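What follows is the residue order along each chain.
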Amino acid sequence: MTTKKLYLESIEAAYLKEFTAKVIAIDEKKIILDQTLFYPLGGGQNWDLGTLNGPNGAMNVIEVRGRDAIHHTVEDIFDLSVGDEVTGKIDFERRYAHMKMHTAQHLVSGIAYEMFDGVRTVGNQIHTEQSRIDFKPIQFNEEMLTRLQNTVNDKIQQGLEVTDSEMTRTEINAIMPEERTNMDLLPSFINDLRVVSIGNQEDLCPCAGTHVRNISEIGGIEFIGKKSKGKGTQRVTYKLNI
Ligand SMILES: [Zn+2]
């Protein structure tokens, strides 16, 4: 069973707020649709919230998970059957914050790699109010974080376009070091990837998340915390600063 991921069809598709779909399976309060705009938890990005409006009323979506079949968990399920049509609406304020935070993460990770001797991004968590990135190996001091923040904010001011495309592993690795894109961590059987590019391939990252169409939409970022996670890993937390 597979759900078509409407939010992934293009950069523009991430801006869509409403869709219709058919119910293909129900498991208690989990609803599986043939297609969806709801982003499921994954790649560090949190799930979307919103509503599914069925024949018997609007149901609040409280959790979205899954890879092939996407499960929309609702607060209360109102007499729904397989084959019913639903209208979905996503909470766009929350989604748009994720889009900005996520695109900012690409910028911060790429610029940190260039600025600090190939430091790797080993994890990230994208939320609405604040997000975090784990870097390794690094020991940030205030001066380093200020320099990174200023460079990221200068880049945001350049207003570069964000685009997506399908690329092969070989094509990606020919443009960017595989330690920067984390391509070296990807299972070898995966060859074709959705790649998110900033500017004229100034930054390239295989990613299935949602992003803004122009980095100027991020506004700016501010680092609000750092802490050591041991073994040379440091976690930095940032918020949007608009
Ligand atoms: Zn991404």
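Everything below is about the structure shown above.
Starting from 1, residues in each chain are numbered consecutively following that chain's sequence as written. Since the coordinates come from a predicted model, pLDDT governs what is reported: local features require at least 70, and pairs of side-chain atoms require 80 or more to be given and counted, while whole-chain, interface and lining totals use all residues. The side-chain values count all of the structure's non-hydrogen atoms but skip hydrogen atoms and water molecules.

Peer 1: Got a minute to help me understand the sheet that holds strand β8 (residues 85-90) in this structure?
Peer 2: In sheet architecture, strand pairing relies on hydrogen bonds along the backbone and comes in two forms, parallel and antiparallel. By definition, two strands form a pair when at least two bridges between them are found by DSSP. In DSSP terms, a helix is any run of H or I states spanning at least four residues, a strand is any run of E spanning at least two, and both are numbered starting from the N terminus. The sheet built from six strands closes into a barrel, its strands ordered β2-β3-β7-β6-β5-β8 with antiparallel pairing. Taken over all neighbouring pairs, the strand axes of this sheet differ in orientation by 45° on average, direction set aside. Bridging between strand β3 (residues 30-33) and strand β7 (residues 71-74) involves three bridges; their strand directions are antiparallel. When the bridges of β7 are listed, Ile31 appears paired with His72. Axis lines are fitted through C-alpha atoms, for helices just across the contact stretch, and the angle between N-to-C directions can take any value from 0 to 180 degrees.

Peer 1: Explain the pattern of salt bridges here, please?
Peer 2: Side-chain pairs of opposite charge can arise where the charged atoms are in close proximity. Salt bridge, as used here, is a side-chain nitrogen of Lys or Arg placed within 4 Å of a carboxyl oxygen of Asp or Glu. Counted according to the given criterion, the structure contains 13 salt bridges. Between Arg235 and Asp134 there is a salt bridge whose closest N-O contact spans 2.7 Å. Here Arg235, found in strand β15 (residues 233-240), pairs with Asp134, found in strand β10 (residues 131-136); they are 101 residues apart in sequence, far enough to count as distant. For the pair Arg235 and Asp134, one class covers both residues: buried. Glu202 serves as the salt-bridge partner of Lys155, at 2.6 Å between the closest nitrogen and oxygen. Of this pair, Lys155 sits in helix α2 (residues 142-157) while Glu202 sits in the loop between β12 (192-198) and β13 (203-206), and the two are 47 residues apart along the sequence. A 1.4 Å probe rolled over the protein chains alone gives each residue an accessible area, and that area as a share of the maximum for its type sets the label: buried under 20%, exposed over 50%, partly exposed in between.

Peer 1: What should I look at first to understand the coordination of the zinc ion in this one?
Peer 2: Coordination partners: N, O, S within 2.8 Å of the metal, 3.2 Å for Na, K and Ca; water not considered, so apparent gaps in a site are possible. Those protein atoms acting as donors to the zinc ion are His102 (NE2), His106 (NE2), Cys207 (SG) and His211 (NE2), and they sit at 2.0 to 2.1 Å. Around the zinc ion, the four donor atoms are arranged such that angles at the metal cover 98 to 126°; this shape is classified as tetrahedral. In primary-sequence terms, the residues that donate to the zinc ion follow H-x3-H-x100-C-x3-H. Of this pair, His102 sits in helix α1 (residues 92-115) while Cys207 sits in the loop between β13 and β14 (221-230), and the two are 105 residues apart along the sequence. The exposure class of His102 is buried, given its relative accessible area of 2%. In short, tetrahedral needs four donors with all angles between 85 and 135 degrees, square planar needs four and octahedral six donors with opposite donors over 155 degrees apart and all other angles between 65 and 115, and whatever is left is irregular.

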